[in-house]
Amino acid sequence: ENLVRQHPTKPEPYTWWALSYSLRELPDKTLAVLDRGLSQVDAKAKLFEAKAGHLQTFGRLDEALEVARQGVDADPSFVDNYLVAADLLAAKGDNDGARSWYLKALDVSLGEPNVADKYALFLLNTDKYHEAILRYQDLVNRNPKDPKYYALLGNAYLAAEFPGRALRAYRKANELAEGK
């Protein structure tokens, strides 16, 4: 609370204060702090993301989705609210809706690897193996020295039942990780 008094127009003190209530399982106080922040702060996108996340934690998925959408409206360049919306829709079983929000996140982030990785994982988890492979291949091409993407590509190959390709990707990941 002292940080909020010292920095009433910054979103971080509100998110930290809300987290302290959330960890003590006090949802009403958590949301009240975030609403207070939303009324005080100009850059609201992070607060919308935090509120959506806490609502999701409290099992209030429909409200969380609406808040994530408000976050996108508040700052269309803040990619995290797109990802929150995608995750919420996936959790609700709306894979087409989730896919749409992941694609919007990719567009807004200009294909940032972290966003592309999350989308590829979503594809893998929804049994869209071949498309996941293409996404991971793109990540490997854009980040050829990162063993993480070779390992993830190997996972996608394995899920798609291409064990030979998976093994080659895993070997490359190990070579890079060992600095060879």
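Shown above is the structure to which this text applies.
So, a few notes on the structure that sits alongside this text. (Residues numbered from 1 in each chain as written. Predicted model: local features only at pLDDT ≥ 70, side-chain atom pairs only at ≥ 80, totals over all residues. Heavy atoms only, no water.)

Describing the packing of aromatic side chains
To keep things clear, this is the line we draw: Only Phe, Tyr and Trp rings take part, Trp by its six-membered ring, and two of them pair if their centres are within 6.5 Å. Stacked means planes under 30 degrees apart, edge-to-face means over 60, and tilted covers everything else. Runs of H or I in DSSP of at least four residues are treated as helices and runs of E of at least two as strands, each being numbered from the N terminus. For the exposure calls, accessible area comes from a 1.4 Å probe over protein chains only, and a residue counts as buried if that area is under 20% of its type's maximum, exposed if over 50%, partly exposed in between. Both a distance and an angle decide whether a charge sits over a ring: NZ of Lys or CZ of Arg must be within 6 Å of the ring centre and within 35 degrees of the ring normal.
A complete count under the given rule lists six aromatic pairs for this structure. When the ring of W17 is compared with that of Y21, the centres are 6.1 Å apart and the planes differ by 35°; the resulting orientation is tilted. A residue pair is termed a helical-turn pair when its members lie 3 or 4 positions apart in one helix, as W17 and Y21 do in helix α2 (residues 11–23) at four residues. According to the relative accessible area criterion, W17 is buried, its value standing at 13%. Residue classification places Y21 among the buried positions, given a relative accessible area of 14%. Members of the aromatic cluster, connected to one another through ring pairs, are Y102, Y119 and F122. A cation sits over an aromatic face here: K104 above W101, 4.2 Å from the ring centre.

Focus on the environment of E178
Mapped onto the secondary structure, E178 falls in helix α11 (residues 163–178). Note on E178: relative accessible area 54%, which makes it exposed. Sequence spacing of E178 and P147 is 31 residues, and the spatial spacing of their C-alpha atoms is 9.4 Å.

Looking at unusual backbone geometry
Phi at E25 is positive, roughly 60°, even though this residue is not glycine. Inspection of the secondary structure assignment puts E25 in the loop between α2 and α3 (27–40). Here E25 falls in the exposed class, since its relative accessible area comes to 68%. Even without being a glycine, E161 presents a positive backbone phi close to 65°. In this structure, E161 sits in the loop between α10 (147–159) and α11. Overall, the relative accessible area of 68% leaves E161 in the exposed class.

Quick word on the nonpolar core
Cut-off, in case you're wondering: Throughout this description, the term nonpolar core refers to a set of buried Ala, Val, Leu, Ile, Met, Phe, Trp, Tyr and Cys residues connected via side-chain atoms within 4.5 Å. Any pair of residues with heavy atoms lying within 4.5 Å of one another is described as a contacting pair.
Among the nonpolar cores identified, the biggest contains 55 residues, and W101, Y102, Y136 and L153 are the most heavily contacted of them. For this core, the element with the most residues is helix α6 (residues 79–91), which contributes eight residues. With residues near it in sequence (within four places) discarded, L153 still touches I133, Y136, Q137, V140 and A169.

Here we look at the side chain of S109
Within the element layout of this structure, S109 appears in helix α7 (residues 95–109). Excluding residues that lie within four positions of it along the chain, S109 makes contacts with V79 and V115.

With respect to the pattern of salt bridges
Heads up, the condition is: Note on definitions: salt bridges are taken to be side-chain nitrogens of Lys or Arg within 4 Å of carboxyl oxygens of Asp or Glu.
This structure, assessed with the given rule, holds eight salt bridges. Here K51 ties to D35 by a salt bridge, and the two come within 2.6 Å at their closest N and O atoms. Residue K51 is located in helix α4 (residues 45–57), and its partner D35 is located in helix α3; the two are separated by 16 residues in the primary sequence. D138 serves as the salt-bridge partner of R142, at 3.0 Å between the closest nitrogen and oxygen. One end of the pair is R142 and the other is D138, both in helix α9 (residues 129–142) and four residues apart, which spans about a single turn.

Re the packing of α7 against helix α8 (residues 113–125)
Note the following rule: Think of each axis as a best-fit line through the C-alpha atoms, taken over the contacting stretch in the case of a helix, with angles from 0 to 180 degrees between the N-to-C directions. Note that the term roughly parallel is reserved for angles under 35 degrees, roughly antiparallel for angles over 145, roughly perpendicular for angles of 65 to 115, and oblique for everything else. If you view the pair so one helix is near and one far, a crossing is left-handed when the near helix is turned anticlockwise from the far one by less than a right angle, and right-handed when it is turned clockwise. Side-chain classes are defined by residue name, with Ala, Val, Leu, Ile, Met, Phe, Trp, Tyr, Cys and Pro counting as nonpolar, Asp, Glu, Lys and Arg as charged, and the others, Gly among them, as polar.
Where α7 contacts α8, the two axes come as close as 9 Å, and the packing angle between them is 160°. Our classification of the angle between α7 and α8 gives roughly antiparallel. Like other packed secondary-structure pairs, α7 and α8 cross with a definite hand, here left-handed. Across the interface between the two elements, N95, A98, R99, Y102, L103, A105, L106 and S109 of α7 pack against V115, A116, K118, Y119, F122 and L123 of α8. Among the residues making up the contact of α7 with α8, the classes are represented as 10 nonpolar, two polar and two charged.

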